[in-house]
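# Inside the fold
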Amino acid sequence: HNRPVTGRVGLAGDWHGNVSWAMSRIRLFAAQGISTIYHVGDFGLWPGATGEYFLKTLHRACVDRDLDMFIVLGNHEDYHRAAAMQLDEQGWLSLENYPRFRFAPRGHTWIDAHGARFAALGGAGSIDRNTRKIGIDWWPQEELTQFDCDRLVTNVRSQQWARVDVMLTHDAPAGLRRFGMTARPAWFTPEIEDYCAIQRTRLRHAMDEVLPRWLAHGHWHDYFRDSWDGLSASGTDYHCEVLGLAADGMRGNAVIAEVCPGFGLGEITELLP
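Reference entry: report on the structure contained in this document. (Residues numbered from 1 in each chain as written. Predicted model: local features only at pLDDT ≥ 70, side-chain atom pairs only at ≥ 80, totals over all residues. Heavy atoms only, no water.)

### With respect to the nonpolar core
Condition: Throughout this description, the term nonpolar core refers to a set of buried Ala, Val, Leu, Ile, Met, Phe, Trp, Tyr and Cys residues connected via side-chain atoms within 4.5 Å. Buried, partly exposed and exposed residues are distinguished by accessible area as a fraction of the type maximum, computed with a 1.4 Å probe on protein chains only: under 20%, between the cut-offs, and over 50%, respectively. Strands are runs of DSSP state E lasting at least two residues, helices are runs of H or I lasting at least four, and both sets are numbered from the N terminus onward. The contact definition used throughout considers only heavy atoms, calling two residues in contact when any of these lie within 4.5 Å.
Trp 15, Ile 26, Phe 43, Leu 58, Met 69, Phe 101 and Phe 103 are the most contacted members of the largest nonpolar core, which has 33 residues in total. Elements with a contribution of two residues or more to this core: helix 1 (19-31), helix 2 (48-65), strand 3 (68-72), helix 3 (79-83), strand 6 (101-104) and strand 13 (254-260). At six residues, helix 1 tops the list of elements feeding residues into this core. Look past the residues within four positions of Ile 26 in its chain and what remains in contact with it is Trp 15, Ile 37, Leu 58, Ala 61, Cys 62, Arg 65, Leu 67 and Met 69.

### Topic: helix 1
Put simply, the rule reads: For a helix, the expected span equals 1.5 Å multiplied by the number of residues minus one.
A rise of 1.5 Å per residue sets the reference length of helix 1, with its 13 residues, at 18 Å; its end C-alpha atoms lie 18 Å apart and thus fit the reference within 8%. Listing the buried residues of helix 1 in full gives Val 19, Trp 21, Ala 22, Met 23, Ser 24, Arg 25, Ile 26 and Phe 29. Residues of helix 1 that are buried make contact with strand 1 (7-12), strand 2 (36-39), helix 2, strand 3 and strand 13. Of the residues trailing helix 1, Gly 33 is marked for its positive phi of about 80°.

### Details of the sheet that holds strand 10 (residues 214-217)
As a reminder, the rule being used: Pairing between strands is defined by DSSP: at least two bridges between them are needed. Geometry is summarised by axes, namely lines fitted to C-alpha atoms with helices restricted to the contacting stretch, and by angles between N-to-C directions that run from 0 to 180 degrees.
Spatially, 7-8-9-10-12-11 is the arrangement adopted by the six strands of the open sheet, whose pairing is mixed. Two strands in the sheet have a free side with no partner beyond their single neighbour: strand 7 (109-111) and strand 11 (224-231). Each neighbouring strand pair of the sheet contributes to a mean axis angle of 25°, computed without reference to strand direction. Relative to strand 8 (residues 117-121), helix 4 (residues 146-158) is tilted by about 165°, and along the sheet it contacts strand 7, strand 8 and strand 9 (166-169).

### Remarks on the packing of aromatic side chains
Basically, it comes down to this: Ring pairs shown here join Phe, Tyr and Trp side chains whose ring centres sit within 6.5 Å, with only the six-membered ring taken for Trp; geometry is labelled stacked below 30 degrees between planes, edge-to-face above 60, and tilted in between.
In the structure shown here, the tally under the stated rule is 11 aromatic pairs. Measuring from ring centre to ring centre gives 5.2 Å for Phe 43 and Phe 54, while their planes differ by 65°; the resulting arrangement is edge-to-face. With a gap of 11 residues between them, Phe 43 in the loop between strand 2 and helix 2 and Phe 54 in helix 2 connect regions that are remote in the sequence. Taking relative accessible area as the criterion, Phe 43 reaches 0% and is therefore assigned buried. Centroid distance Phe 43 to Phe 101: 5.6 Å. Interplanar angle 80°. Geometry classified as edge-to-face.

As structure tokens, then:
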């Protein structure tokens, strides 16, 4: 009986409202017997008819296959829509007519059915915000604020968790690896670079407070495994395994992972088409 209690879940990176891709992932997850999917942001909560079609189509697929999706919001999401969501008794945000979708408020914490401790901290800076229009395809509420990070720390502390098993974020915390572009477009100004970097640093400081054993993120459209040896806010060493998920249309956009309380994630299998 030394083997840890485990449950298999799906993890998915950015879908950007891509209906055919998202549907193909849902079908693959369901075929593998997965009933819970965690999505790390840039899901496709978009305004207008295209956004509604995406939600409707995916939700019907989830109902038909008895799947629940728990979504951390990214930077490219309709934050006006998010602001109108209802908080349920478990602390998730929900949309009327879409009960199979649950959205994580920033700093949300929960314990899954197997006893694993989860935390979510969405949001990120858009490097291309200068090319976008406010309220149409860019929302200032994308920004991961100090307030959001403080709320996460407060939520974890109030439950007296020594460590978080799995932390789900949209952005990658600062220091993990050097992300960015080799060519520098004119719209990627130093101000925008700072705006994005500050958020990654905030995220890193929050991570150093709650000490995740595992962290899974999206945003950078790159599939990789990494590990992080950090220094906790109180000055002790800690180790965290990191999983970066790719975007729609790419290998490594979706994986199946074993969730193990006290360990984080066990075996990870890439979901291949």
